[in-house]
Structure formats: structure tokens, C-alpha cells
Amino acid sequence: DIQMTQSPSSLSASVGDRLTITCRASQGISNYLAWYQQKPGKVPKLLIYTASTLQSGVPSRFSGSGSGTDFTLTISSLQPEDVATYYCQKYNSAPPAFGQGTKVEIK
Amino acid sequence: EVQLLESGGGLVQPGGSLRLSCVASGFTFSSYAMGWVRQAPGKGLEWVSSISAGGPNTYYADSVKGRFTISRDNSKNTLSLQMNSLRAEDTAVYYCAKTFRLPGGPSLDINAFDFWGQGTMLTVSS
């Protein structure tokens with residue numbers, strides 16, 4: 001099975017900072033990659049699909065890129081409401097595995 | 001408005017069984033593959049199982065294969081997960097999730113999840 005590895009596992013940044021989260025697949029998955037945001041105590045929310053397409057209603061400060069095995073989620077200007085854990089998920093085939101998550105906090 | 005309402009969670013002894021249900025509304029249930037994703041306390045997301053829109057195709061994580069059975073009743077807009085031989089490591093919040101589908105596009109059995117229920121808690125403990 002393809003494994004998904006995120007880095008870092010956690011990070012602390014200041015409001016307004018640009019931050020990048022990386023997701024790496026153990027084998028190529030084309031662009032079948034999604035990103036989710038899970039705020040504390042809340043249900044996961046789909047942010048990005050097909051590696052770079054923003055889901056409707058998601059702020060434009062979020063962006064995704066990558067193809068094959070290496071992907072990134074970028075927040076261009078971190079806001080207090082972005083405090084959450086972010087997960088990548090591959091869905092090219094079963095099992096649609098998730099990365100282990102990246103916890104984002106405000107410094 | 002899409003709504004997914006899970007039920008059936010609770011406290012079960014190791015080796016026991018339980019059935020989770022998810023009632024869907026606000027979309028054409030029979031046109032979308034569905035899935036179950038779980039989250040152990042303080043841990044990350046783990047995909048458990050998925051089922052195709054029409055129901056014949058099912059998929060399972062290795063950790064639950066042979067113990068869990070996913071099913072759906074499109075006439076009742078209901079997704080179910082029958083869980084047998086439960087173990088302590090099955091303790092988690094179980095989310096019912098709807099797969100994403102591009103307008104006019106095909107329903108893919110394995111896909112991202114664009115709507116999630118609020119979850120139902122399963123605790124396996126003696």
C-alpha cells in the first residue's frame with residue numbers, strides 16, 4: 001500500500017506568516033491528492049482536491065501544488081482561524097490513506 | 001443542505017459487535033460512493049471502509065478486513081457499518097463521509113470526502 005508522510009508534524013507561526021506543509025507519497029499518485037483542515041473539536045473539512053483545486057468557499061490564502069509523489073499545502077498569510085490540524089489524503093486507489101497530520105499553532 | 005447523521009456508537013466489550021448507521025439527506029444518496037473514517041482519541045484520521053454508489057463494490061482497511069462489513073440501502077438513504085470481533089484498538093469516533101464528485105462527472109468508488117457527519121463514538125473496553 002502507498003504510504004503518505006507529512007512534514008512537519010507540528011509548527012508554530014505568527015499571524016501573517018507564510019507557511020508550507022509537505023506531503024509525500026511512497027509511490028506516484030498523479031494528482032489524486034486532497035487536503036483537509038480539522039479545527040479542534042470539529043469535523044474535517046475538505047480544502048483542496050486534485051492537488052491544487054480549491055473547494056468552494058475556501059479562502060484564497062490556501063493553495064496546493066504538486067504531482068506524482070510530492071505535494072505542498074501553502075497558507076499565504078496565516079490567520080488565527082487557521083489554527084487546526086491539516087491532513088493530506090491520496091485517493092488514486094484503495095486504500096485512500098491519510099497522512100499523519102500537521103498541527104498548526106499561532107506563535 | 002447535505003446532512004449526514006450517524007448513530008449506533010456506544011460501549012462494547014472486546015469481542016462484541018455493533019452496527020453503526022448514517023442517514024443522509026440533502027443530496028441524491030444513490031449517486032455517490034460513501035465511506036467511513038475513524039479517529040482514535042488524540043490521533044489522526046484513518047480510513048476504514050468505502051462502498052460504491054450502487055453498492056456492489058466494497059473496500060476495507062487491512063485493520064478491519066474480515067471483521068467489518070459496509071452496506072447501504074439506497075431506498076432509505078442509509079449507510080451502515082457492521083462491526084464484529086471488536087478490539088480495544090477500534091475505539092474511535094467514526095465518521096460517515098460522502099465522496100466528492102465533479103458536476104457531471106462519474107461517481108468514483110475511491111475519492112476525496114467533501115461532507116462529513118458529526119461522528120459517533122465507539123468505545124471497546126471491558
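Residues numbered from 1 in each chain as written. Chains lettered and ligands numbered in written order. Predicted model: local features only at pLDDT ≥ 70, side-chain atom pairs only at ≥ 80, totals over all residues. Heavy atoms only, no water.

Asks: Go over the overall build of chain A with me, naming the residues and quoting the values.
Replies: Each helix and strand in chain A was counted, giving zero helices and ten strands. Moving toward the C terminus, one meets the helices and strands of chain A in the order β-β-β-β-β-β-β-β-β-β. On C-alpha atoms alone, chain A measures out to a radius of gyration of 13 Å, which is about the 13 Å that the 2.2 N^0.38 rule sets for 107 residues. If you line up chain A on its principal axes, its C-alpha atoms span 35 × 25 × 25 Å. (Helix = DSSP H or I, 4+ residues; strand = E, 2+ residues; numbered from the N terminus. Rg over C-alpha atoms; globule rule 2.2 N^0.38 Å.)

Asks: Explain the pairing of strand 3 (residues 19-25) of chain A residue by residue, including any values.
Replies: Residues and elements named next belong to chain A. Of the two faces of strand 3, only one is covered, namely that formed by Leu19, Ile21, Cys23 and Ala25; the face formed by Thr20, Thr22 and Arg24 stays uncovered. Relative to strand 3, strand 1 (residues 4-7) runs antiparallel, the two sharing four bridges. Bridge pairing links Gln6 to Cys23 in strand 3. Pairing geometry for strand 3 and strand 8 (residues 70-75), over six bridges, is antiparallel. Pairing of Thr22 across the sheet is with Thr72, part of strand 8. (Buried < 20%, exposed > 50% of the residue type's maximum accessible area, 1.4 Å probe, protein only. Pairing = 2+ DSSP bridges.)

Asks: Could you give an account of the sheet that holds strand 7 (residues 62-67) of chain A, naming the residues involved and the relevant values?
Replies: Backbone-to-backbone hydrogen bonds join strands into a sheet, with any given pair of strands oriented parallel or antiparallel. Residues and elements named next belong to chain A. The strand order across the open sheet formed by four strands is 1-3-8-7, and the pairing between neighbours is antiparallel. The open sheet has two edge strands, strand 1 and strand 7, and neither has a second partner. Strand after strand, the sheet turns through a mean of 15° between neighbouring axes, direction not considered. (Axes fitted to C-alpha atoms, helices over the stretch in contact; angles between N-to-C directions.)

Asks: Pulling in residues and values, what's your account of the side chain of Asn111 of chain B?
Replies: All names here are of chain B. Relative to the elements of secondary structure, Asn111 occurs in the loop between strand 9 (92-99) and strand 10 (113-116). Given the relative accessible area of 5%, Asn111 is considered buried. From its side chain, Asn111 meets the backbone oxygen of Phe100 in a polar contact 2.8 Å long. (Polar contact = N/O pair within 3.5 Å; in protein donor to acceptor, adjacent residues only side chain to side chain.)

Asks: Describe the pattern of salt bridges, listing the residues and the values that go with them.
Replies: All names here are of chain B. Considering all chains together, one arrives at nine salt bridges over all chains under this definition. Between Arg38 and Glu46 there is a salt bridge, and its shortest N-O distance comes to 2.7 Å. Take Glu46: its relative accessible area is 30%, and that puts it in the partly exposed class. One salt bridge connects Asp90 with Arg38, and the closest N-O pair in it is separated by 2.9 Å. Of this pair, Asp90 sits in the loop between strand 8 (78-83) and strand 9 while Arg38 sits in strand 4 (residues 34-39), and the two are 52 residues apart along the sequence. The burial state of Asp90 is the same as that of Arg38; both residues are buried. Salt bridges sharing common partners tie together Arg38, Glu46, Arg67 and Asp90. (Salt bridge = Lys/Arg side-chain N within 4 Å of Asp/Glu carboxyl O.)

Asks: Account for the nonpolar core, with residues named and values stated.
Replies: By size, the foremost hydrophobic cluster in this structure holds 45 residues, and its most contacted members are Trp36, Leu79, Leu81, Met83, Tyr94 and Trp116 of chain B. Ignoring any residue separated from it by four or fewer positions in sequence, one finds Leu79 of chain B in contact with Leu20, Ser21, Cys22, Phe29, Met34, Gly35, Trp36, Ile51, Ile70, Ser71, Arg72 and Cys96 of chain B. Formed by 25 residues, the second largest nonpolar core is a distinct cluster that contains Ile2, Leu47, Ala51 and Ala97 of chain A. (Core = buried A, V, L, I, M, F, W, Y, C linked by side-chain atoms within 4.5 Å. Contact = heavy atoms within 4.5 Å.)

Asks: I'd like a rundown of the environment of Gly10 of chain B, residues and numbers included.
Replies: Residue and element names in this part refer to chain B. Along the polypeptide, Gly10 turns up in strand 2 (residues 10-12). Here Gly10 falls in the partly exposed class, since its relative accessible area comes to 27%. Sequence-wise, Gly10 and Ala40 are 30 residues apart; in three dimensions their C-alpha atoms are separated by 14 Å. Those residues in contact with Gly10 that lie beyond four places of it in its chain are Leu18, Met121, Leu122 and Thr123.

Everything listed is a geometric property; what it means functionally is a separate question.
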